[in-house]
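These are the residues of each chain, in order.
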Amino acid sequence: MTETLSYADALKILGCKDSRLVKVVDFAATAALTGWALAGGADLALGLRDLQEDAVRYGNDVVRRVPEWRSGAGRFARTQRLAAVHAVVIVSSYFEALGRAGLPFRLDRLDRDRAAGGTRAAAFAELVAKLLTEPLPRPEPHRPYAETREAVEHHYRRMSEAVAVYVREVAVWDELSADERLRVPVLLVEGPSAHALRIYDEDYRSLTLDSPEFRMWSLVTETQTFAPGLSRVARLLAELAPPRVGDRPMIHLVRLAAAALDQSLMAVGRAPDDVTLPLLGEGYISPRCKVAEMTGECAPAVKSWWKSRLELSDAEAFLVGHLTSPHATQAPLVVLGEPGSGKTKLTEVLAARLASSEFLPIKVELRDVAAESSVISQIEQGISPVLPEKVKYQELVEAAEGMLPVVMLDGFDELLQAADTNRYDYLEQVQEFQDEQSRLGRPVAVIVTSRTVVADRVRFPQGVLTLELQPFEKEQVRQWLEIWAETNRPVLSRRGRTPLPADVALAQGELARQPLLLLLLAIHDAADNAVQRDEAVLGRGQLYESLIRGVADREIGKNPETRALPPARRRGLVDRELVRLGAVALSMFVRGRAVVSEAALDRDLPALCGAPGEEQQDEGGWARRAIERFFFVHANHTRDYEFLHATFGEFLVAWLAVYALRDLVRRHGRDEDLAGQLVDDDLLYAVTSFSCLAERGPTVGFAMELLGALPAEVRARSVTLLSALLRESLHERPRRSFLAFRPVRHPVPRRLAAYAANLTLLVVAASDKPVSVSELLQDSGDFARWSSYAHLWKSQLGGEGWTGLIGALPARRVVDGGKRDIRLGGSAESWGFEGAGWWFGQAKPVRRTRTLGRYRSYALEERPYLLNVDADLLTDSLHADDEAHPGLIVVQRTSGQVVSCTRLVEEVLMNRPSSAEARVALYADAIAAVTAFQTLRSRRLLDLVLRALTLEGPAMPFQDRAGIVGGLAEDGVDPALWRPLLESMFFERSDSWEILLRAGVPEAVMREVRTP
């Protein structure tokens, strides 16, 4: 939780020299600990009337001096001063209103008997503490001024209530008539509060004129205009302070590295010949954003959760307000967005705008640093390529001499992909880094970017601000295309082409709403105006494939020998180019990195794509032939390469897998009744046996779209072949091709697990209807074969592969003809391209909860079939045993319904109601039923119920779960059973200890749990 100032804190920050105010503040702080007498109350000459006069006089003096503080201090020092000014204004406004409250007595009459000591003197000490030492509201850039004003009004009412309590303790109260005693509390609560608020409004308006920070802090700004390149950020910051000169050389290097506005909008190695990319400073459109302050019940990874969040009227003003507010140095700002929404570009442009102000932008690409390193070590790794020698972070900040560092940690999702361990506490580590730097006198603001889909993979500290970048609205699309047209109209007109019109682009729906997709759409159209000629709406996969094919075809057309080839031969060469690009993407994918070295590609590409002897004939090298294209850039000025955007790699991995499947169908399309052992699946095995495709959600989404575009007969044959291969996938194959392709060295069980999981994904994706497990695996009624596959996947695929598989493979329990079965997947529409995991809209989102620093992955609807297959088998056997255990047959629910105990457990595992309230009642009934019987079987049932409740996580209200844990403790249930539930709850909220303690959970058990 971020901290706010009290009046006492403000006086210290502003260096108040008013001895009487300083003395009374010190007295209030001491009296709260030692009491009135020991705090020196008898020697305190200042009374309430004197305090009122001094506070008003000091407040007026502070407001007059605000313009003087615009210079002569560093960025953070000025932020602290202005926050302190606001605190002083709140209190002085109240005291001014209190002096005009129209009370039936003068304030000095309240002080007559204070010096006598006793309870009345102690009451004065308590009053002073409430008026001067309580935390005060402050304006926040993510809150409208009306909310700040409401918080101030609420604080004024608390101050008035404290004065009213004090009045009842002094002699004046005894002198008042009965009518006056009735009127005084009303006069105190209503009069000063309303009047003080009017004075506060006037002073705040004055402050916004003298110091623009106050305007930025409270969203008192005009409606956002969509300016390119965050240009208003630089202008607004220029209003706040003059630019600095004379910095140390290393600072100039860091700021120069951040100034990228004159670079291309996409830092390509080679742009397509027929287009000119706009410059970053011109072609980046200021984004629309939604903002939320995180609490324990937030679900930022769920797209629907953002629908009710506040949309910022002016994102640029918010960024300025945030960076100049105290909040920026107390907690990181998290920027979320879908792939291609512009998260990285936002940090690049913002860094460039900040480089010319009193901030020190430090941009860190998290994919290029050691994932397990500390935050400060990652920052030092991030700046090392910029500086000629190794520099410690402390040295860099000291050289900045008062500039506020703004560290931009870009790509938390890529850090997760590269990490061998979970980084669920990463944001907490960032906040700890900020706290430590503030204690050392080096405050720092931090911005972290990530894909929205992994926001449930990290715990958000209470009070952290999170932005979600929103898709373009129509006016932004039009504005960007105007920039595109102005840049490309001359070159397009020479070839008889026209720039992409906004109306045509908007007809493409989603493709025009995301910045990256809009750019790719414009590039694709620039070749031959295909988007303008064809009225069909493209899918993402279609856009990527058309764009890549177009670039490859134009490259082939430059060679006179290939230009005249027949269309079929030319398409074959284009396919070969995509295979080569797909191999590059696969080389990155299986390594779990977005970057690959030239040397690694020279090993991997000929092993997967080449014919014997071809490598020796190619003097340019395999890597150089593949990466000399529009789609690649150098990584950190080395001989490492990465795609322009991660989604290129994700698409190409999917395309290569589908290409291998198409090749399989082409070679075995007419064969009948093939056994899996006879199918030549070597290429498919080489492509899909290193990593589960579901490790990256978009990859499965692209594969879905590509498979959906195939003819129905090809998809049907694909399902037949894939099913046969899956049934034989774990058996030994004597010979295989492509053995030289081994980008990573995995044990055989892991490769078999990845291959079987990917075959299952492809079967479900290619099928037009849900897939029956019993038919797919020709499994027996106990699902033993499916269980073995599931356990193999869970043990071998790693955290990313297993959790991705759960999210990408919907599973449902069904009864068909009296026989139980498991159905996988559904229609293509049910998978969708929105919602959980970015792609899967209708599938339930995969949530995660933490247990002692480890993620526990789950999808409650699928869990009995994927995560805990034995749970399904256990409930089956329990039904058969009901008659043998009469005590477990009949229990009564809270609703009065009589039901089998095991039926209740099955309902928990298989068919929970959708509303949280109904689920709470179900869990309560099930727990009450199974704890009524002290048998081994009931213990196993209770363990199942509590495991399900543990995995509910934030989907179940915290208070309700706390009540259940308290009830289990009160009933004497073995703590070993509910300990995992208690463990998971400790990592959700900062106040979990207090809530659980009030619920009746023994403190001794909680202390054991809190100690790893």
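Before going into details, it helps to say that this report is about the structure given with it. (Residues numbered from 1 in each chain as written. Predicted model: local features only at pLDDT ≥ 70, side-chain atom pairs only at ≥ 80, totals over all residues. Heavy atoms only, no water.)

### Some words on the overall build of the protein
Scanning the protein from N- to C-terminus turns up 45 helices and 17 strands. When the 1012 residues of the protein are sorted by exposure, 58% land in the buried category. Contacts in the protein between residues far apart in sequence, at least 24 positions, make up 75% of those at least 6 positions apart. Element-wise, carbon and sulfur atoms account for 50% of the exposed surface of the protein, whose accessible area totals about 41,100 Å². (Helix = DSSP H or I, 4+ residues; strand = E, 2+ residues; numbered from the N terminus. Buried < 20%, exposed > 50% of the residue type's maximum accessible area, 1.4 Å probe, protein only. Contact = heavy atoms within 4.5 Å. Areas by Shrake-Rupley, 256 points an atom, 1.4 Å probe, with all protein chains shown as cover.)

### Some details on helix 13 (residues 315–323)
For helix 13, the buried fraction is high: 9 of the 9 residues fall into the buried class. Within the span of helix 13, buried status applies to Ala 315, Glu 316, Ala 317, Phe 318, Leu 319, Val 320, Gly 321, His 322 and Leu 323. The backbone nitrogen of Glu 316 has a side-chain oxygen 3.2 Å away, supplied by the residue at the start of helix 13, namely Asp 314. (Polar contact = N/O pair within 3.5 Å; in protein donor to acceptor, adjacent residues only side chain to side chain.)

### A word on the pattern of salt bridges
The tally for this structure, following the rule as stated, stands at 34 salt bridges. Arg 138 is the salt-bridge partner of Glu 140, the closest N and O atoms lying 3.2 Å from each other. Judged by its relative accessible area of 4%, Glu 140 falls in the buried class. Arg 138 sits in the buried class, given a relative accessible area of 13%. Here Arg 367 makes a salt bridge to Glu 414, at a shortest N to O gap of 3.5 Å. Of this pair, Arg 367 sits in the loop between strand 4 (359–365) and helix 15 (375–383) while Glu 414 sits in helix 17 (residues 412–418), and the two are 47 residues apart along the sequence. According to the relative accessible area criterion, Arg 367 is buried, its value standing at 18%. Overlapping salt bridges bring together Lys 363, Glu 365, Arg 367, Asp 410 and Glu 414 as one network. (Salt bridge = Lys/Arg side-chain N within 4 Å of Asp/Glu carboxyl O.)

### What to know about the packing of aromatic side chains
Scanning the model with the defined rule gives 18 aromatic pairs in all. What links up through ring pairs into an aromatic cluster is the set Tyr 544, Phe 648, Phe 651 and Phe 702. The ring of Phe 690 carries the charged tip of Arg 751 above its face, separated from the ring centre by 3.9 Å. (Phe/Tyr/Trp six-rings, centres within 6.5 Å; stacked < 30°, edge-to-face > 60°. Lys NZ or Arg CZ within 6 Å of the ring centre and 35° of its normal.)

### Describing the nonpolar core
Ranked by internal contacts, the top residues of the largest apolar core, which has 153 residues, are Trp 793 and Leu 824. Setting aside chain neighbours within four positions, we find Trp 793 in contact with Ala 753, Ala 756, Ala 757, Thr 760, Trp 786, Trp 802 and Leu 805. Counting residues in each nonpolar core, the second largest holds 68 residues, with Val 56, Leu 82, Tyr 94 and Leu 107 among its members. (Core = buried A, V, L, I, M, F, W, Y, C linked by side-chain atoms within 4.5 Å.)

### As for unusual backbone geometry
Phi angles above zero are rare outside glycine, and Asn 529 is one such case at about 55 degrees. Along the chain, Asn 529 falls in the loop between helix 21 (515–528) and helix 22 (530–533). Since its relative accessible area comes to 9%, Asn 529 is described here as buried. Within the chain, Phe 738 stands out as a residue other than glycine whose phi angle is a positive 60 degrees. Relative to the helices and strands, Phe 738 is located in the loop between helix 32 (712–728) and helix 33 (748–766).

### What about a negative patch on the surface?
On the surface, Glu 3, Asp 9, Glu 432 and Asp 435 cluster together into a negatively charged patch. Residue position: Asp 9 is located in helix 1 (residues 7–14). (Patch = residues over 30% accessible without salt bridge, like charges linked within 9 Å, V, L, I, M, F, W, Y side chains within 5 Å. Lys, Arg positive; Asp, Glu negative; His and termini not counted. Charge placed at Lys NZ, Arg CZ, Asp CG, Glu CD.)

### Structural notes on the pairing of strand 3 (residues 333–337)
Most of strand 3 sits inside the fold, with 5 of its 5 residues counted as buried. In the sheet, strand 3 pairs with strand 6 (residues 445–451) via 5 bridges, with the strands oriented parallel. When the bridges of strand 6 are listed, Leu 336 appears paired with Ser 450. Pairing geometry for strand 3 and strand 7 (residues 465–469), over 4 bridges, is parallel. The residue bridging Leu 336 from the neighbouring strand is Glu 468, located in strand 7. (Pairing = 2+ DSSP bridges.)

### Regarding the sheet that holds strand 6
The strand order across the open sheet built from 7 strands is 2-1-7-3-6-5-4, with neighbouring strands paired in mixed fashion. The open sheet has two edge strands with one neighbour each: strand 2 (310–311) and strand 4. Lying on the sheet, helix 14 (residues 343–354) is in contact with strand 3, strand 4, strand 5 (404–410), strand 6 and strand 7; it crosses strand 5 at an angle near 165 degrees. Across the sheet, helix 16 (residues 393–400) lies against strand 4 and strand 5, angled at about 155 degrees from strand 4, the strand it touches most. (Axes fitted to C-alpha atoms, helices over the stretch in contact; angles between N-to-C directions.)

### What about empty space enclosed by the protein?
In this structure the tally under the stated criterion is 6 cavities of 30 Å³ or more. Space inside the largest cavity adds up to approximately 70 Å³. Residue lining of the largest cavity: Thr 4, Leu 5, Ala 83, His 86, Ala 87, Leu 136, Pro 137, Arg 138, Pro 139, Trp 217 and Pro 326, and that is the complete set. Element by element, the count of residues in the lining of the largest cavity is highest for helix 4 (residues 75–98), at 3 residues. In terms of residue class, the lining of the largest cavity is made up of 8 nonpolar, 2 polar and 1 charged. (1 Å grid on protein atoms, 1.4 Å probe; cavity = no way out; pocket = protein on both sides within 12 Å on 5 of 7 lines; lining within 4 Å. Points joined across faces, edges and corners; volume = space filled by probe spheres on them. Nonpolar A, V, L, I, M, F, W, Y, C, P; charged D, E, K, R; others polar.)

### Quick notes on the environment of Ala 716
Note that Ala 716 resides in helix 32. For Ala 716, a relative accessible area of 45% gives the class partly exposed. In this structure, the C-alpha to C-alpha distance between Ala 716 and Val 665, residues 51 residues apart in sequence, is 9.9 Å.

### Here's the deal with the side chain of Asp 604
Its location among the elements puts Asp 604 in helix 26 (residues 598–609). Since its relative accessible area comes to 4%, Asp 604 is described here as buried. Within polar-contact distance, the side chain of Asp 604 engages the side chain of Ser 587 at 2.5 Å. Apart from the residues lying within four places of it in its own chain, the contact partners of Asp 604 are Ser 587, Arg 591, Phe 741 and Pro 743.

### Let's talk about the packing of helix 15 against helix 18 (residues 426–439)
Where helix 15 meets helix 18, the closest approach of the two axes is 9 Å, and the angle between their N-to-C directions is 85 degrees. On the basis of their axis angle, the class for helix 15 and helix 18 is roughly perpendicular. Here Val 375, Ile 376, Gln 378 and Ile 379 of helix 15 come into contact with helix 18, specifically with Tyr 426, Gln 429, Val 430, Phe 433 and Gln 437. For the contact of helix 15 with helix 18, the residue count by class is 6 nonpolar, 3 polar and no charged. (Parallel < 35°, antiparallel > 145°, perpendicular 65-115°, else oblique.)

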